[in-house]
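# Working through the structure, step by step
Given next are the chains, with one letter for each unit.
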Amino acid sequence: MNKILIIEDEEAIADLEKDYLELSDFSVKVCPDGETGLKSALSEDFDLVILDLMLPGMDGFEICRRLREEKDIPVLMVSAKKDDIDKIRGLGLGADDYITKPFSPSELVARVKAHLSRYERLVGSGAKLNEVIEIRGLKIDKTARRVSVDGVEKNFTTKEFDLLTFLAENPNHVYSKEELFRKIWNMDSVGDIATVTVHIKKIREKIEADTSNPQYIETIWGVGYRFRV
Ligand code: CA
């Protein structure tokens, strides 16, 4: 039986969530404030956490951040305000999903089930969960394919992500544009090495504070690029 932790200070909402989840054969624990919620989440073995944003003691942002430092389990965040959802996304806290109040209990149950089965597939496949590369303020989550800079999530295309990840995994090594093109785009791909230059430029715009003085991807004139650690 899957164990769900609900961290929610509004008793009526917590009860409703609990009732519906128990009807769907989940085992449910409720914590009414931030501190006990985080403590339970870290010390007990839950399969998923439903986390309210506004809580007494410690808010949902902080709980999610601290929980993510130690656990990979799905976190479903609940908020009364649509604006908060943008904030959750922007902070790159690693929440798996967001739902705004009021929501229908059956929608909540459906989302819980979807996240549990997705998570179980990942664990079952033996995939390493949330393999993360962190260099100074840059964080590359290889599992979720997400990139954040100083906690702010950035949108990356597939190739931009692959290129950045390749360079970050092979730091202090100078790669020519030809080598990078072969590794990321494969030989048979349409395009040319100018594609590499364009992608490097786009990546820098997303991760560098000052693109004219890059701190992560250095240009080695006449040779190629090098990721600095
Ligand atoms: Ca609340």
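An account of the accompanying structure is given in this report. (Residues numbered from 1 in each chain as written. Predicted model: local features only at pLDDT ≥ 70, side-chain atom pairs only at ≥ 80, totals over all residues. Heavy atoms only, no water.)

## Digging into the pattern of salt bridges
Pairs can form between side chains of opposite charge once their charged atoms are near each other. Using the following cut-off: Salt bridge criterion: a side-chain nitrogen from Lys or Arg within 4 Å of a carboxyl oxygen from Asp or Glu. Runs of E in the DSSP output that reach at least two residues are strands. Runs of H or I that reach at least four are helices, and both are numbered from the N terminus. For each residue, the accessible area found with a 1.4 Å probe, counting protein chains only, is set against the maximum for its type, and the residue is called buried under 20%, exposed over 50%, and partly exposed in between.
Following the criterion strictly, the structure yields 19 salt bridges and no others. Across the pair Asp 96 and Arg 68 runs a salt bridge whose closest N-O atoms are separated by 2.7 Å. A residue pair is termed long-range when its members are at least 10 positions apart, and Asp 96 in the loop between helix 4 (82-91) and strand 5 (97-100) and Arg 68 in helix 3 (residues 60-68) qualify at 28 residues. What makes Asp 96 partly exposed here is its relative accessible area of 26%. Where salt bridges share partners, they join Glu 8, Glu 10, Asp 52 and Lys 101 into one cluster.

## Focus on a nonpolar patch on the surface
For clarity, the threshold we go by: Two joining distances apply to patches: 9 Å for like charges and 5 Å for nonpolar side chains (Val, Leu, Ile, Met, Phe, Trp, Tyr), and every residue must have over 30% relative accessible area and no salt bridge. Accessible areas in this description were obtained via Shrake-Rupley with a 1.4 Å probe; residue shielding takes into account the shown protein chains only.
Among the surface-exposed residues, Leu 16, Tyr 20 and Leu 23 lie close enough to one another that they form a single nonpolar patch of about 310 Å² accessible area. Its place among the elements puts Tyr 20 in helix 1 (residues 11-23). We classify Tyr 20 as partly exposed; its relative accessible area is 35%.

## Points about the coordination of the calcium ion
Condition: Each metal's donors comprise the N, O and S atoms found within 2.8 Å of it (within 3.2 Å for Na, K or Ca). Water is not part of the atom list, so some coordination spheres may appear incomplete.
Coordination of the calcium ion by the protein is provided by Asp 9 (OD), Asp 52 (OD) and Met 54 (O), with metal-donor distances spanning 2.1 to 2.3 Å. Sequence positions of the residues that donate to the calcium ion give the spacing D-x42-D-x1-M. One end of the pair, Asp 9, is in the loop between strand 1 (3-7) and helix 1; the other, Asp 52, is in strand 3 (residues 48-52), and 43 residues separate them in sequence.

Any functional reading would require information beyond the geometric quantities listed.
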